[in-house]
Number of protein chains: 2
Amino acid sequence: MSRHLYAVILAGGSGTRFWPVSRERFPKQLLKIIGEETLIQQTVRRVLKVVAARNVCIVTNTFQAETIKLQLSNWKNELADNFVLEPEGRNTGPAIGLAALRLLRRDPEATMLVLPADHVIKGDGKFKQAVSFGYQLAQQGVLVSFGIQPAGPETGYGYIQPDTRALLGTFKALSGYKIRRFVEKPDLKRTRRFLETGGYLWNSGMFMWRADRLVEEFAFHQSTLLKGLRAMDKMDEAGPSGEQLAKRYKRLKSVSIDYGLMERSTRAAVIPVEFSWLDVGSWSSLEKILPRDKRGNVTTGNVVDIDSQGSVFFATKRLVGSIGLSDMVVVDTPDATLVCPKSRSQDVKSLVELLRKRGTPEHLEHTVIYRPWGSYTVLEEGKGYKVKRITMLPGRRLSLQMHRQRSEHWVVIAGTARVTRDKTVFELGPGESTGIPKLTRHRLENPGTVPLEVIEVQYGAYVEEDDIVRYQDDYGRGT
Amino acid sequence: MSRHLYAVILAGGSGTRFWPVSRERFPKQLLKIIGEETLIQQTVRRVLKVVAARNVCIVTNTFQAETIKLQLSNWKNELADNFVLEPEGRNTGPAIGLAALRLLRRDPEATMLVLPADHVIKGDGKFKQAVSFGYQLAQQGVLVSFGIQPAGPETGYGYIQPDTRALLGTFKALSGYKIRRFVEKPDLKRTRRFLETGGYLWNSGMFMWRADRLVEEFAFHQSTLLKGLRAMDKMDEAGPSGEQLAKRYKRLKSVSIDYGLMERSTRAAVIPVEFSWLDVGSWSSLEKILPRDKRGNVTTGNVVDIDSQGSVFFATKRLVGSIGLSDMVVVDTPDATLVCPKSRSQDVKSLVELLRKRGTPEHLEHTVIYRPWGSYTVLEEGKGYKVKRITMLPGRRLSLQMHRQRSEHWVVIAGTARVTRDKTVFELGPGESTGIPKLTRHRLENPGTVPLEVIEVQYGAYVEEDDIVRYQDDYGRGT
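Just so you know, the residues in each chain are numbered from 1, in the order the chain's sequence is written. All chains are assigned letters beginning with A, and all ligands numbers beginning with 1, in the order in which they are written. At least 70 in pLDDT is required for a residue's local features to be given in this predicted model, at least 80 for side-chain atom pairs to be given and counted, and no such filter applies to totals for whole chains, interfaces and linings, which use all residues. With hydrogens and water stripped out, all remaining heavy atoms of the structure feed into the side-chain values.

Let's shift gears to the overall build of chain A. The helix count covers DSSP runs of H or I at least four residues long, the strand count covers runs of E at least two residues long, and both are numbered beginning at the N terminus. Scanning chain A from terminus to terminus reveals 11 helices and 28 strands. The quantity called the radius of gyration is restricted to C-alpha atoms. Its globule counterpart is 2.2 Å times the number of residues to the power 0.38. Against the 2.2 N^0.38 benchmark of 23 Å for 479 residues, chain A shows a C-alpha radius of gyration of 25 Å, consistent with a compact globule. Taking the principal axes of the C-alpha coordinates as reference, chain A spans close to 75 × 60 × 40 Å. Exposure categories follow from relative accessible area, calculated using a 1.4 Å probe and restricted to protein chains: below 20% of the type maximum is buried, above 50% is exposed, and the middle band is partly exposed. Taking all 479 residues of chain A together, 57% fall into the buried category. Accessible area of chain A: about 20,500 Å², with a carbon and sulfur share of 47%. Distance between charge centroids for chain A: 4 Å, based on 70 positive and 54 negative side chains. Every accessible area reported is derived by Shrake-Rupley at a probe size of 1.4 Å, with residue values counting cover from the shown protein chains alone. Lys and Arg are tallied as positive, Asp and Glu as negative. Neither His nor the chain termini are counted. To locate a charge, take atom NZ for lysine, CZ for arginine, CG for aspartate or CD for glutamate.

So, in structure tokens, the structure goes:
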């Protein structure tokens, strides 16, 4: 396809409805919900059928960027300059606008295929066809959306009514129309009527347009927002300037591309598509994509059940025992468990909101924390100590650092560790250990070709992450 | 009360219906279900109102004995010689018979108050009164049971019908009668009829009799069993002889005291009592002893709920999030979670049976394992390593030992450790660490006056408990 085509993947969602597997800093697109790859990995593979990796652009926020980079490390070099970082989520309008400005700097002819990172799509051939057609229509200057034939009276989606008398073009079996109207998340009564009368489509949240045309529409319908975005784009061009950028971004209007532009534009178009599409919106929707057993249960992980039916079980290594459940959701993670009826699975959002208000850490992060050099898992925390398992990728290292309040003890359980302790440097193999007294400069490094695994025991009056003095860091973190 | 009165506490139950908080090796009587003490601690406190600690005898099995001794360490010296250990559970008949023979060796006048370790009783004054009266009746040579006024049509209990025309005696407001008949766990229809017609009592599982009279009844109704018990008692008198005893015990008839003796005896009596009594039989019965919130939920531990009603939540430190549950049971422990409707809470037993058949470790033990020197918790296990937190009581020590396949690394996080490594002995304080290579003789000891806490990291091709060579052990474990 054209070298002017770019895929813009929106990966800034906060995925609260998949708690406790998703967390504020670890949302849905980072999860393996179906198959061996995470949703964002699947999304990248999908767009690689229509664009080269260097034409893939990821819009996300600073909290998720490290994990996403880790998950997309297959295309590390090609994607290196293609991350658009939002200081915080301001809905899809600003995110897409920022990506458009960035692409225009690189290619004035840029045409954008915009798609969320967390959708499940089946049918690569039909997807490719729809994008080809979308590209054609976009060159006519219209804003293209992709409409899905409704499979039921879903109230969680937006609906689009095409104007079937206003045909914009055809391509193989596909047709493109002007849009007659948008309906934002209608109630059950209306969605039922839509299904009966026909002629309504689900808004897939996927779009195509020329970047220059999009910016024109921004200028017309969202001029203040565009001004703000232009200023940010300039700052971004001049190099990273974190805090100032964040301040400015916070002042931007939080608005969806649908409400802010598509619904206002006279040039909105829709292509009814034929590939199978699912916005995995909640735990109960797993039934639509994962196989059910003969009692209608969907089960992942270590579950021992007697007599349950129509239920969704999502567990990990911990054991979940269940008896006689009907239409329930049970989700288990190392530090938190969720139990609710399927019919309440949209309300997980409210539960997460409640956790956030109460300041419980389980809404924010997992016990596994990803870092540019690998990851760590807190195995236990107690008064005056913390035990972690650290996994360090080959060739990576921690910053050269020092702690004022704690000593650290390392036992290597796999791979080779190169340890810097004050002025000495030495290596440890599996089963070997060392101690780093407090106030001692040190560094942990993986000089090998396989991941290094270390059990770290911290001891001290204060064992939080912010007791750290960094002397040198490979990842540009504050020294 | 009389110095010939002995309390015999039956603490050998396997408590499968309280899984996952109870485990095969950690049953109900060892749990804090209500209040700050475990059920067996509460039972001991209760009997101390009527007998001295040195007259309390505990019948249990070898797996639970260490934990029970730990929980009853307040009365360590008084109870030291009062444990009757069964190699395995053979129901209440053999357990009580064995205790009777042991007591007769000590005191030919012994009168036994037999009571299960896992009942909840309120009303110490009325309990004491009932025991006083029971003692009087027992001296007449009858076998006394205690009957509870039924609070509902419970099908989980046995029922006793007193013969109200056969009064054996009175004491204050209490009367004792001969028993007309026993009914073993009747169905719902019959229990309802019993309630309507009146005159039926719940069999509390608590009894009183003279030990010599009980043995006479055994000789009459269970002569083979008695022969076996006498042989075992002889072996026991001669000193511990584990394996042989176990073999013999396995051959004994597994029979309840109710079915094996009480129902057959012509001298069975019952005292209808007035104290409040509950055999906490399943998770749903917690509603009867713990306070409910305004939606009818009973909640223990870290639970964040929206809109649930009539449900039982029993959690620990891990977070349980729930939404809109009705009449459900959710129980969470560090390594396993249970979810079932209250109406199915008796079936937890079947679930545990299923786990046992599949060989899952979660049916058998907790992540916390109690030992005579303290306890340990497995924080994580992986290929080639294991991480434990070890708590050692003041003045205790591990055996002098050696491992063929693993090295061990210790970091002290509280207290003082005395370490023997080969021929050297040294002490470590909090924040200090050491390593024990494989094939090295070593010992960990707590010379201090506060508990010692150590994080242990094991590394090796094989990290199971049976890789141990013991050279000396304070607790008589195989060297």
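Residue and element names in this part refer to chain A. Pairing of aromatic rings covers Phe, Tyr and the six-membered ring of Trp, with a centre-to-centre limit of 6.5 Å; geometry is then stacked below 30 degrees between planes, edge-to-face above 60, and tilted otherwise. Inspection of every chain in the model, using the stated rule, returns 22 aromatic pairs over all chains. Look at phenylalanine 26 and tyrosine 370: their rings are 5.6 Å apart centre to centre, the planes differ by 20 degrees, and that puts the pair in the stacked class. Taken together, the positions of phenylalanine 26 in the loop between β1 (5–10) and α1 (39–47) and tyrosine 370 in strand β18 (residues 368–371) put the pair 344 residues apart, joining distant regions of the chain. A relative accessible area of 12% places phenylalanine 26 in the buried class. Using a relative accessible area of 30% as the deciding quantity, one classes tyrosine 370 as partly exposed. The interplanar angle of 10 degrees and the centroid separation of 3.8 Å between the aromatic rings of phenylalanine 194 and tyrosine 200 together place this pair among those described as stacked. You'll find phenylalanine 194 and tyrosine 200 in the same group, each marked buried.

The next thing to look at is a positive patch on the surface. Residue and element names in this part refer to chain A. Note that patches include only residues with greater than 30% relative accessible area and no salt bridge, and the join distances are 9 Å for like charges and 5 Å for nonpolar side chains (Val, Leu, Ile, Met, Phe, Trp, Tyr). Any carboxyl oxygen of Asp or Glu that lies within 4 Å of a side-chain nitrogen of Lys or Arg is treated as forming a salt bridge with it. Taken together, Arg180, Arg181, Lys189 and Arg193 make up a surface patch of like positive charges. Contributions of two or more residues to the positive patch are made by β8 (174–183) and α6 (188–197). With respect to the helices and strands, the residue arginine 193 is situated in helix α6.

Residues and elements named next belong to chain A. A strand pair is defined by DSSP finding two or more bridges across the two strands. If you trace the 6 strands from one edge of the open sheet to the other, you get β18-β19-β20-β27-β22-β25, paired in antiparallel fashion. Pairing within the sheet leaves two strands with one partner each, and these edge strands are β18 and β25 (433–436). Each strand axis lies, on average, 20 degrees off the axis of its neighbour in the sheet, ignoring direction. Note that strand β22 (residues 406–414) and β25 share 4 bridges and pair antiparallel. Residue pairing in the sheet places glutamate 408 in a bridge with isoleucine 436 of β25. Lines fitted to the C-alpha atoms define the axes, with helices restricted to the stretch that makes contact. Angles between their N-to-C directions range from 0 to 180 degrees.

Below, the discussion takes up the relation of the copies chain A and chain B. Once turned by 180 degrees and shifted 0.0 Å along the axis, chain A lies on chain B with an RMSD of 0.1 Å. When the rotation and shift are considered jointly, the pair of chain copies conforms to a two-fold rotation axis. Of every C-alpha in chain A, the one belonging to A:Leu379 sits nearest the axis of rotation, 3.1 Å from it. The contact rule is simple, with two residues in contact once any of their heavy atoms fall within 4.5 Å. A high fraction, 98%, of the interface residues of chain A reappear at the interface in chain B, so the copies pair face to face through one surface. To superpose the copies, least squares is applied to the C-alpha atoms of every residue with a pLDDT of at least 70 in both.

The subject of this paragraph is the confidence of the model for chain A. Segments scoring low in pLDDT should not have their predicted coordinates read at a detailed level. Residue-level confidence of the predictor is summarised by pLDDT, bounded by 0 at the bottom and 100 at the top. Put simply, chain A has an average pLDDT of 92, and 99% of its residues get 70 or more. Per the prediction output, this complex has pTM 0.83; the corresponding ipTM is 0.82.

In the segment running from A:Trp19 into A:Pro20, the intervening peptide bond is cis, with an omega of 5 degrees. Residue placement: A:Pro20 occurs in the loop between β1 and α1. One non-glycine residue, B:Asp422, lies in the positive phi region at around 55 degrees. Within the secondary structure, B:Asp422 is located in the loop between β23 (417–421) and β24 (424–428). Here B:Asp422 falls in the exposed class, since its relative accessible area comes to 52%.

Definition used in this section: a nonpolar core is a set of buried Ala, Val, Leu, Ile, Met, Phe, Trp, Tyr and Cys residues joined via side-chain atoms within 4.5 Å. If you look at the biggest cluster of nonpolar residues, it comprises 79 residues, and the most contacted ones within it are B:Leu113, B:Trp283, B:Leu286 and B:Leu338. With 6 residues, the single largest contributor to this core is helix α5 (residues 124–139) of chain B. Setting aside anything within four residues of it in sequence, one finds B:Trp283 in contact with B:Arg17, B:Phe18, B:Trp19, B:Val21, B:Val312, B:Phe314, B:Val329, B:Val331, B:Leu338, B:Ser345 and B:Val348. Among the nonpolar cores identified, the runner-up in size contains 78 residues, and A:Ile33, A:Val47, A:Val312 and A:Val329 belong to it.

Before going further, it helps to spend a moment on the interface of chain A and chain B. Of the residues lining the interface, 54 residues belong to chain A; the matching set on chain B comes to 53 residues. Between the two partners, chain A and chain B, sit 6 salt bridges. Between B:Asp332 and A:Arg318 there is a salt bridge; the shortest N-O distance is 3.5 Å. Polar contact is the term for a pair of N or O atoms within 3.5 Å; when the atoms are in protein, one must be able to donate a hydrogen and the other to accept it, and sequence-neighboring residues count only if both atoms are side-chain atoms. Where chain A meets chain B, there are 28 residue pairs in polar contact (both at pLDDT 80 or more). Note on residue classes: Ala, Val, Leu, Ile, Met, Phe, Trp, Tyr, Cys and Pro are nonpolar, Asp, Glu, Lys and Arg are charged, and everything else, Gly too, is polar. Looking at the side of chain A that touches chain B residue by residue, the class counts come to 29 nonpolar, 11 polar and 14 charged. Direction of pairing for strand β15 (residues 319–323) of chain A relative to strand β17 (residues 336–341) of chain B: parallel, over a ladder of 4 bridges. Looking across to β17(B), one finds that A:Gly321 is bridged to B:Leu338.

What follows covers the sheet that holds strand β13 (residues 303–306) of chain A. Strands sit in the order β13(A)-β15(A)-β17(B)-β16(B)-β14(B)-β12(B) across an open sheet of 6 strands; the sheet is mixed. Because the sheet does not close on itself, it has two edges, and the strands there are β13 of chain A together with β12 (298–300) of chain B. The sheet shows a mean angle of 5 degrees between the axes of neighbouring strands, direction not considered. Inspection of the sheet shows β12(B) paired to strand β14 (residues 312–314) of chain B by 3 bridges, in the parallel sense.

Our next topic: helix α7 (residues 211–221) of chain B. Every buried residue belonging to α7(B) is among B:Ala211, B:Arg213, B:Leu214, B:Val215, B:Glu217 and B:Phe218, and all of these are buried. Its buried side turned inward, α7(B) meets α4 (92–106), β4 (111–116), β6 (143–148), β9 (201–210), α8 (223–237) and α10 (257–262) of chain B.

This part covers the pattern of salt bridges. Summed over the entire model, instances satisfying the criterion amount to 60 salt bridges over all chains. The residue A:Arg397 makes a salt bridge to A:Asp474 at a minimum N-O spacing of 3.0 Å. A residue pair is termed long-range when its members are at least 10 positions apart, and A:Arg397 in the loop between β20 (385–392) and β21 (400–402) and A:Asp474 in the segment after β28 (469–472) qualify at 77 residues. For the salt bridge of B:Glu287 with B:Lys342, the shortest nitrogen-to-oxygen distance reads 2.4 Å. Of this pair, B:Glu287 sits in the loop between β11 (276–279) and β12 while B:Lys342 sits in the loop between β17 and α11 (348–358), placing them 55 residues apart in sequence.

A separate point is the environment of B:Arg397. Residues and elements named next belong to chain B. Assessed through its relative accessible area of 24%, arginine 397 is described here as partly exposed. Each C-alpha atom, one on arginine 397 and one on tryptophan 373, is 6.2 Å from the other, the two residues being 24 residues apart in sequence. Other than its neighbours up to four places away in sequence, arginine 397 contacts Trp373, Met392, Arg443, Leu444, Glu445, Gln472, Asp474 and Tyr475. Among the polar contacts listed, one links the side chain of arginine 397 to the side chain of aspartate 474, at a separation of 3.0 Å.

Below, the discussion takes up the side chain of A:Gln42. Residues and elements named next belong to chain A. Mapped onto the fold, glutamine 42 is located in helix α1. At a separation of 2.7 Å, a polar atom in the side chain of glutamine 42 contacts the main-chain carbonyl oxygen of isoleucine 34. With residues near it in sequence (within four places) discarded, glutamine 42 still touches Ile34, Gly35 and Glu37.

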